[in-house]
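# Fold and geometry: a report
Chain residues, written in single-letter form:
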Amino acid sequence: MTAASELEVVLCERELRERIAELGAEIARDYAGRSLAVICVLKGSFVFCADLVRAIDLPMTIDFLGLSSYGEAQVSSGIVRITSDLSHPIEGRDVLLVEDIVDTGLTLAFLIEHLATRRPASVRICALLEKQGAARRKVDVDYRGFKLPEGFVVGYGLDSAERYRNLPYLAKLRAGCAAPA
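Position numbers for residues count from 1 along each chain, tracking the sequence in the order it is written. The predicted origin of the model limits local features to residues at a pLDDT of at least 70 and limits the giving and counting of side-chain atom pairs to 80 or more, whereas totals for whole chains, interfaces and linings rest on all residues. Note: side-chain values were computed over all heavy atoms of the structure, leaving out hydrogens and water.

To continue, consider unusual backbone geometry. Between Leu42 and Lys43 the backbone carries a cis peptide bond, its omega angle lying at 0 degrees. Its place among the elements puts Lys43 in the loop between strand 2 (36–42) and helix 2 (46–54). At Arg119, a residue that is not glycine, the phi angle is positive and equals roughly 55 degrees. Remark: exposure states derive from per-residue accessible area (1.4 Å probe, protein chains only) relative to the maximum for the residue type, with buried under 20%, exposed over 50%, and partly exposed in between. Of the residues examined, Arg119 reaches a relative accessible area of 52% and is grouped as exposed. Numbering of helices and strands runs from the N terminus, with a helix taken as a DSSP run of H or I at least four residues long and a strand as a DSSP run of E at least two residues long.

Here we take up the packing of helix 1 (residues 13–30) against helix 2. Only the stretch in contact is used when fitting a helix axis, every axis being a line fitted to C-alpha atoms; angles between N-to-C directions are given from 0 to 180 degrees. As a packed pair, helix 1 and helix 2 sit with axes 8 Å apart at the nearest point and diverge in direction by 55 degrees. By the angle class used here, helix 1 and helix 2 are oblique. Relative to helix 2, the crossing made by helix 1 is right-handed. The residues of helix 2 that touch helix 1, namely those facing Ile20, Leu23, Gly24 and Ile27, are Phe48, Asp51 and Leu52. The scheme is simple: roughly parallel for angles under 35 degrees, roughly antiparallel for over 145, roughly perpendicular for 65 to 115, oblique for anything else. Should the near helix be turned anticlockwise from the far one by less than a right angle, the crossing is left-handed, and should it be turned clockwise, the crossing is right-handed. The criterion used for residue contact is that any of the two residues' heavy atoms lie within 4.5 Å.

Here the focus is the sheet that holds strand 3 (residues 60–68). At least two bridges found by DSSP between two strands is the condition for calling them paired. On the basis of which strands lie adjacent, the open sheet formed by six strands has the order 4-3-2-5-6-7 and mixed pairing. Unpaired on one side and paired on the other, strand 4 (81–84) and strand 7 (143–148) mark the two borders of the sheet. Strand-to-strand twist in this sheet, taken as the mean axis angle between neighbours without regard to direction, amounts to 30 degrees. The sheet contact formed by strand 3 and strand 4 spans three bridges and is antiparallel. When the bridges of strand 4 are listed, Ser68 appears paired with Arg81.

Further remarks concern the nonpolar core. We call a set of buried residues a nonpolar core when its members are Ala, Val, Leu, Ile, Met, Phe, Trp, Tyr or Cys and they connect through side-chain atoms within 4.5 Å of each other. Formed by 29 residues in total, the largest nonpolar core has its most connected members in Ile27, Phe48, Leu52, Leu96, Leu129 and Leu170. Discounting chain neighbours no more than four positions away, the residues touching Leu129 are Leu11, Asp100, Ile101, Val102, Phe146, Leu148, Val153, Leu158 and Leu170.

So this is what it looks like as structure tokens:
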């Protein structure tokens, strides 16, 4: 496991669990009587998405879309590439896009434009985290877990060079504690 000295906890397990239950209930109310096509943006969203879909009491399908804009850096490159595409059509479906973190907005703006070409009935965004003051492109987040100040966080699916995804909480890496190469 990770040395506690490397990390500063930002959101604990209880806070995450409680907020995700609230998000699930809100989404279930908003989509009552309808079926959802949930799209989980890989890799960082997989833990959040798993907990979120269990908190949404609706019929749904779940698909995955792999995107990359960070590589092994702690800052988005601004260049988004699809690493794994959807396996099912979304035409005419109500889509809930599940994202781990909204940072610059560039990745989500790209993704929304990309999904629009597939003619879904609607697309709403559910993000666990939204960084304050980092947006380079405005994206409307319909369901937000938490707003965070600037800084790089890991845990609960989010990583630094593929490390720390397995932490059950969110944390900041302390200064000088970058993941090994």
